[in-house]
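# Results of the structural survey
Residues per chain are reported as follows:
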Amino acid sequence: MNSSSAGQQGLVWCGPVFDPSGYADEGRGMLCALEHAGVPVTLRPLHRLAPGFREGLPAAERTTLDRQVARSLPARQILVQHHTADAFFQMEGDVYHVGRTMFETDSIPAAWVRHCNQMDELWLPSQFNIDTFRRAGVHVPIVRVPGGIDSSVFHPGVTPMSVSGLRGTVFLAVFEWRLRKGWDVLLRAWADAFSPDDDVTLVLRTYPIDKVSAQDNETIINARIDAFLASECGRSRRDVAPIVVLGRTVPGSAMPSLYRIATALVAPTRGEGWGRPFMEAMASGVPVIATRWSAHLEFMNDDNSLLLDIDGTEVADGVEMPLYREQRWAAPSTPHLCALMQRVYAQPDETRALGVRARDDMISLWPWSRAAKVMSQRLSEIRDLSAAERTPLGQTPSGQTPSGPRLLLDARLFDPTLGESTLDRIAGHLIARWPHRALVHTRVTSPRRPSRSSPLMHAYRAFVAADNKSVARRNVADTALHTQPDDLVLTWLDSMSVRHVCRPRCARWTVHTGDLVVNTVPHTLVRVLRDEADEVWVPTAAARDACIQVGVHRDRLWLMPAVSAPGHVTPHGPRLPLRQRADVIFLLPAIDVAQAPAVDTILRTWQRAFDARQSALLLLYAPESPEPAIIAWHHQLIAMLSSGRLLLGAPIQVLRDRLPTDELAALVRAADVLLDPAPTPRTMPMVHMALAVERTVISSGGAWRDVLRAAAHRDERARCVASSRSHAQLLASDASVAAAASQRLLACASGGVLPRHMSLVSHGAAPFAVHDLRATTILAHLDWHDGTGGGVVQSYLRAFSTSDDVSLVLCLDPAQGLTVEHVGSLVREAARAAGHDETTMAEVVLIPDVLTDEVRRALVARCDAVVCVHDAILAEAARLSGRRVITTLSPGAWRASVA
């Protein structure tokens, strides 16, 4: 790769380089290797306090790094972030984000998953890392980019460092004083393996956590060694072979000479992200004793190392390092470590031969040039991918837009507070399958860009490339839909959009009810779903039945298949750290007001099912919400829990933070049982996650005390999980649901489904039976919730009086939640406002029937004129049926319509 190609999309590297950390050491090797391979890099180092370290680097290496720091930032970047994943960030502009990281346990922290999935791809060093990240739920592309070693710097010909107090066989350990590094295993094994008379020495190049260059490091570490030997081994320092502590900073240029003092490097680690000191020692011809577990097995094996057996895995310590909570790491065998160190001491010839093989492997298999080659090839592929993505979505290679109806998706997408939701993924798959031009309108004010590998990237490109112009920085929350008459519009409702939803100008409008329809349809949605939408999609059979009850025709309803948890939700991912632990943990979502009675029942039953002596914990997930009804309900719950009425039972922990998808999956994994006694569309994702991670789901219960106690038993939970697996297999993937949705929309676009207004055309329909009407009848279907009802009645009463041979037929529409008495009072108020009373007002007739399509068609056939102030579909149907249409509140227009 030459500099001109790099100039098209420059490589920027962000990470530590001027400190003794493993990330910095690896970063220096990679940066110098890339530069040597002809790949120019712009370096922006992250600084960690390490006085004098930079000055101690080899001159040639320091010169290369300084040259990279001096380069200016390119406008278009491939940004490699080389540090822990919790610090990953996204840059604005034309940036391809690469995360280079690693981790040491059997998984990764729950918060890391979200950060990783925001990258466009990850560069991980080993198959161990790839497996643990995938199991945790990371789904972006992962490229295996190995570490490397400069065997011309680390080699056996270096003069050993002068260290006082050495004798005989020298065992060297290089680490930060963390429990993960196995210093406790090392000290126990040292005390058991050798006596003060043995000709051996243990050298510890170590320092307290985050105190790499403190002046009193040796004093602190020696005190800790003495205390550990006394309390855990029952010995003093005089009872064991010599231990020498090096607490002072060792410059990077002096590390090769440090390794040459050792007969062997010893590292009873509980887990490594890579193991750079092991590689450095092996290149120096020093054999390594290291644990047979984690990432360093990428380059260590029984032919070039002494691998330490483990006694299985154990729960990682989350006190010293909270990131390790709810995870596991290796349990190194102390007896086997004793045996291996004694073997090194007793067989020096075998030890030297092992060191020679180790160096040969480092020279032939792990030079930095190998890593540079992998990175260079991948950078070239990234540039090709980025160039292809700059082609506007929906265009052919020749630059032409395929003919056919546009699809406009109106939904809450790219929400940075939720991460990548199932709706996001459905939207991405749907846009990718649309054969014509597709656009997206999101209701999120500050949309986040998904990773380029995400299915949502298709939808994001349809958003930022609307009309082939970048609109990524607009205030999308206040932007109206810009539709065309031939468009197909799919609106996905949510609680924050329902007040403003209305039919856009389009050929066909499909509405998905989202989580707003459960067992009933909110009054404010009745008109939208029944009278304005051409088709209504619902998530559950209960929602479908609720829509039918308010008059939505069966032919206009589509039950969208149930969606499983995203494919990256697996049983073996991270668990959300909890303040309390228990033998059995119940998770109770409280995210929808429809759950209120059931949640209240379970909370009151909890203290009768478990008392404070039993090891049970109830997690109440009540995330913050913008909806006033949910806010008020949560305040009541918190007040009840704070009042002390439930303090007699087992503990209850309340979680108020709204968790993104990845962390919500980690919460479900942390529980043993998910309680969902009042299933709603909002709890459905958690139920699907629980099935995916093999947790017990309880969706109903009679005597809740007995149900809770039964679920506390492991055998009963296992039985429930087994019976749930068959249900989980029935759930569709987001890709399958999107495929079905696209087929449904394409059928509509090709004329397979008639437009809504055509179903209301009343040719040949039997007129609605209404007796004793005047000669001229005007039909008005009013929405009494949006304020137009009173205005329509006033206009009619100002246009006509009791002497006119005219009747106004009003659809009472019980689905709006109003009684005959209530509507009657509203009509009388309108009459008074128009200057009439019941004796002088023109005739008004109320029709109490639910407005199905059949009833509406019959009413149109019965009346002479139709009032359509906001109902464009009914207006079009009236025109096609030969009826006069009133679209204004002007009394003069009303009189003209019946002249």
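For the structure, check the block above.
Below is a short write-up of the structure. Every chain begins its residue count from 1, and numbering advances along the sequence as written. Side-chain atom pairs in this predicted model are given and counted only at pLDDT of 80 or more, local residue features only at pLDDT of at least 70, and totals for whole chains, interfaces and linings cover all residues. For side-chain calculations, the full set of non-hydrogen atoms in the structure is used, while hydrogens and water are omitted.

## Observations concerning empty space enclosed by the protein
To be explicit about the condition: Here a cavity means grid points, on a 1 Å grid over the protein atoms only, where a 1.4 Å probe fits yet cannot get out; a pocket means an open set of points with protein on both sides within 12 Å along at least five of seven lines; lining residues are those with an atom within 4 Å of a point. Grid points are joined across faces, edges and corners, and a volume is the space filled by probe spheres set on the points. Runs of E in the DSSP output that reach at least two residues are strands. Runs of H or I that reach at least four are helices, and both are numbered from the N terminus. Asp, Glu, Lys and Arg are counted as charged, while Ala, Val, Leu, Ile, Met, Phe, Trp, Tyr, Cys and Pro are counted as nonpolar; the rest, among them Gly, fall into the polar class.
The tally for this structure, following the rule as stated, stands at six cavities of 30 Å³ or more. Within this model, the largest cavity holds a volume of roughly 90 Å³. Lining the largest cavity are 13 residues, with Val174, Phe175, Lys181, Val266 and Ala267 sitting closest to its centre. Secondary-structure elements contributing two or more residues to the lining of the largest cavity are β7 (169-176), β10 (264-267) and α9 (276-283). In terms of residue count, the dominant contributor to the lining of the largest cavity is β7 (three residues). Of the residues that constitute the lining of the largest cavity, the class distribution is nine nonpolar, two polar and two charged.

## Considerations on the nonpolar core
The line we're drawing: Only buried Ala, Val, Leu, Ile, Met, Phe, Trp, Tyr and Cys residues count toward a nonpolar core, and they belong to the same one when joined by side-chain atoms within 4.5 Å. The buried label applies to any residue whose accessible area, calculated with a 1.4 Å probe on protein chains only, is under 20% of its type's maximum; exposed applies above 50%, and partly exposed to all values in between. Residue contacts follow a heavy-atom distance rule, with two residues in contact if any of their heavy atoms lie within 4.5 Å.
Phe171, Trp190 and Met341 are the most contacted members of the largest nonpolar core, which has 36 residues in total. Counting residues per element, the ones that place at least two in this core are β7, α6 (183-193), β8 (200-207), α7 (217-232), β9 (243-246), β10, β12 (306-308) and α10 (334-346). Take this core: its biggest share by element is eight residues, from α6. Other than its neighbours up to four places away in sequence, Trp190 contacts Phe171, Val200, Thr201, Leu202, Val240, Ala241, Pro242, Ile243 and Met341. Within the second largest apolar cluster, 35 residues are counted, among which are Phe154, Trp274, Val288 and Ala358.

## Let's talk about the packing of aromatic side chains
Any two aromatic rings considered together are summarised by their centre-to-centre distance and by the angle between their planes. Applied cut-off: To pair, rings of Phe, Tyr and Trp, with the six-membered ring standing in for Trp, must have centres within 6.5 Å; the planes then decide the type, stacked if under 30 degrees apart, edge-to-face if over 60, and tilted in the middle. Note on criteria: charge over ring means Lys NZ or Arg CZ within 6 Å of the ring centre, with the direction from the centre no more than 35 degrees off the ring normal.
Per the stated rule, a full pass over the model turns up 24 aromatic pairs. Ring centres of Phe128 and Trp293 lie 5.2 Å apart, and the angle between their planes is 70°; on these two criteria the pair is classed as edge-to-face. On the criterion of sequence distance, the pair formed by Phe128 in helix α5 (residues 127-136) and Trp293 in the loop between β11 (288-291) and β12 is long-range, its members being 165 residues apart. Of the two residues examined, Phe128 and Trp293, each falls in the buried class. An aromatic cluster is present here, built from Phe103, Trp112, Tyr324 and Trp329 joined pairwise through their rings. Geometry around Phe18 places Arg54 over its ring, the cationic atom sitting 5.4 Å from the centre. Taking NZ or CZ as reference, Arg370 lies 4.3 Å from the ring centre of Trp366, over its face.

## Concerning the layout of surface pockets
Estimated volume of the second largest pocket: approximately 1,300 Å³. Considering the residues around the second largest pocket, the lining is formed by 46 residues, among which Leu418, Ser421, Asp515, Arg682 and Pro685 are closest to the centre. The set of elements that each furnish at least two residues to the lining of the second largest pocket consists of α13 (422-433), α19 (661-670) and α20 (684-692). Of the residues forming the lining of the second largest pocket, the biggest block, five residues, is contributed by α20. Split by residue class, the lining of the second largest pocket holds 28 nonpolar, ten polar and eight charged.

## Thoughts on α10
Note the following rule: By this rule the span expected of a helix is its residue count minus one, scaled by 1.5 Å. By arc we mean the arc of the directions from the helix axis to the C-beta atoms, nothing more.
Given a rise of 1.5 Å per residue, 13 residues ought to cover 18 Å, and the 18 Å separating the end C-alpha atoms of α10 matches this to within 8%. Along α10, the residues classified as buried are Thr334, Leu337, Cys338, Leu340, Met341 and Val344. Down the axis of α10, the buried set is contained in an arc of 165°. They therefore lie on one face. Opposite the packed face of α10, turned more than 90 degrees from it, sit the exposed residues Pro335 and Ala346.

## Overview of the pattern of salt bridges
Pairing between side chains becomes possible if they bear opposite charge and their charged atoms approach one another. Selection rule: Any Lys or Arg side-chain nitrogen located within 4 Å of an Asp or Glu carboxyl oxygen qualifies as a salt bridge.
Overall, the coordinates contain 46 salt bridges when judged by the stated rule. Across the pair Arg352 and Asp349 runs a salt bridge whose closest N-O atoms are separated by 2.3 Å. Taken as a pair, Arg352 and Asp349 lie in helix α11 (residues 348-365) at a separation of three residues, close to a single helical turn. Taking relative accessible area as the criterion, Arg352 reaches 52% and is therefore assigned exposed. The residue Asp804 makes a salt bridge to Arg895 at a minimum N-O spacing of 3.6 Å. Taken together, the residues span a long stretch of sequence, with Asp804 in the loop between α25 (788-799) and β27 (806-811) and Arg895 in helix α29 (residues 891-897) at a distance of 91 residues. Taking relative accessible area as the criterion, Arg895 reaches 43% and is therefore assigned partly exposed. Among the ionic contacts, a cluster of salt bridges with common partners joins Asp184, Arg188, Glu232, Arg270 and Glu314.

## Examining the sheet that holds strand β17 (residues 488-492)
Stated formally: Note on pairing: DSSP must find at least two bridges between two strands before they are called paired. Comment: axis = line fitted to C-alpha atoms, over the contacting stretch for helices; angle = value between 0 and 180 degrees taken between N-to-C directions.
With parallel pairing, the six strands of this open sheet are ordered in space as β16-β15-β17-β18-β19-β20. With one partner strand each, in any of the chains shown, β16 (438-442) and β20 (557-559) form the two edges of the open sheet. Shown here is a sheet whose adjacent strand axes are inclined to one another by a mean of 20°, direction ignored. The sheet contact formed by strand β15 (residues 407-411) and β16 spans five bridges and is parallel. Paired with Leu408 across the strands is Leu439, a residue of β16. Packed on one face of the sheet, helix α23 (residues 734-749) meets β15, β17, β18 (508-512), β19 (535-538) and β20 and runs near 170° to β19.

## Comments concerning the pairing of strand β2 (residues 41-46)
Selection criterion: If the strands point away from the viewer and the path from the first strand over the helix to the second runs clockwise, then the crossover is right-handed.
One ladder, built from six bridges, connects strand β1 (residues 10-16) with β2; its direction is parallel. Residue pairing across strands places Pro16 opposite Leu46, the latter belonging to β2. Note on the crossover from β1 through helix α2 (residues 22-36) to β2: the handedness is right-handed.

## Some remarks on the side chain of Gln595
As a reminder of what qualifies: Whenever a nitrogen or oxygen atom comes within 3.5 Å of another N or O atom, the pair is scored as a polar contact, on the condition that within protein one atom can donate a hydrogen and the other can accept it, and that pairs from neighbouring residues in sequence are kept only if both atoms are in side chains.
Within the fold, Gln595 resides in the loop between β21 (584-589) and α17 (596-609). Polar contacts involving the side chain of Gln595 include one to the main-chain carbonyl oxygen of Pro589, which spans 3.0 Å. Setting aside its immediate chain neighbours within four residues, Gln595 contacts Pro589, Ala590, Trp633, Asp676, Ala678, Thr680 and Thr683.

## Remarks on the packing of helix α4 (residues 110-117) against α19
The condition is simple: Orientation labels follow simple angle bins: below 35 degrees gives roughly parallel, above 145 gives roughly antiparallel, 65 to 115 gives roughly perpendicular, and whatever is left gives oblique. Note: crossing handedness is left-handed where the near helix turns anticlockwise from the far helix by less than a right angle, and right-handed where it turns clockwise.
α19 packs onto α4 with a crossing angle of 155° between their chain directions and a minimal axis gap of 8 Å. For the element pair α4 / α19, the angle class is roughly antiparallel. Handedness of the crossing formed by α4 with α19: right-handed. For the pair α4 and α19, contact is made by Ala110, Ala111, Val113, Arg114 and Asn117 and by Asp662, Glu663 and Ala666, respectively. For the contact of α4 with α19, the per-class residue count stands at four nonpolar, one polar and three charged.

## Some remarks on the environment of Ala75
Counting through the fold element by element, Ala75 comes out in the loop between α3 (59-70) and β3 (77-82). With 772 residues separating them in the primary sequence, Ala75 and Ile847 have C-alpha atoms 66 Å apart.

## Digging into the sheet that holds strand β6 (residues 142-144)
Read across the sheet, six strands follow the order β2-β1-β3-β4-β5-β6 without closing on themselves; strand pairing throughout is parallel. What marks the edges here is a single partner per strand, and that holds for β2 and β6. When strand polarity is set aside, the average angle formed by the axes of neighbouring strands in this sheet is 25°. When β1 meets β3, the two strands line up parallel, connected through five bridges. In the sheet register, Val12 faces β3, and the bridge partner there is Leu79. Contacts between α2 and the sheet are confined to β1, β2, β3 and β4 (95-100), with β1 contributing the most and set at about 160° to the helix.

## A few points about the packing of α17 against helix α18 (residues 628-642)
Running from amino to carboxyl end, α17 crosses α18 at an angle of 10°, the nearest separation of the two axes being 12 Å. Comparing the axis directions of α17 and α18 gives the class roughly parallel. On the side of α17, the interface is formed by Ala596, Val599, Asp600, Leu603 and Arg604, while α18 contributes Trp633, Leu637 and Met640. Residue composition of the contact of α17 with α18, by class: six nonpolar, no polar and two charged.

These values are about where atoms sit, not about what they do.
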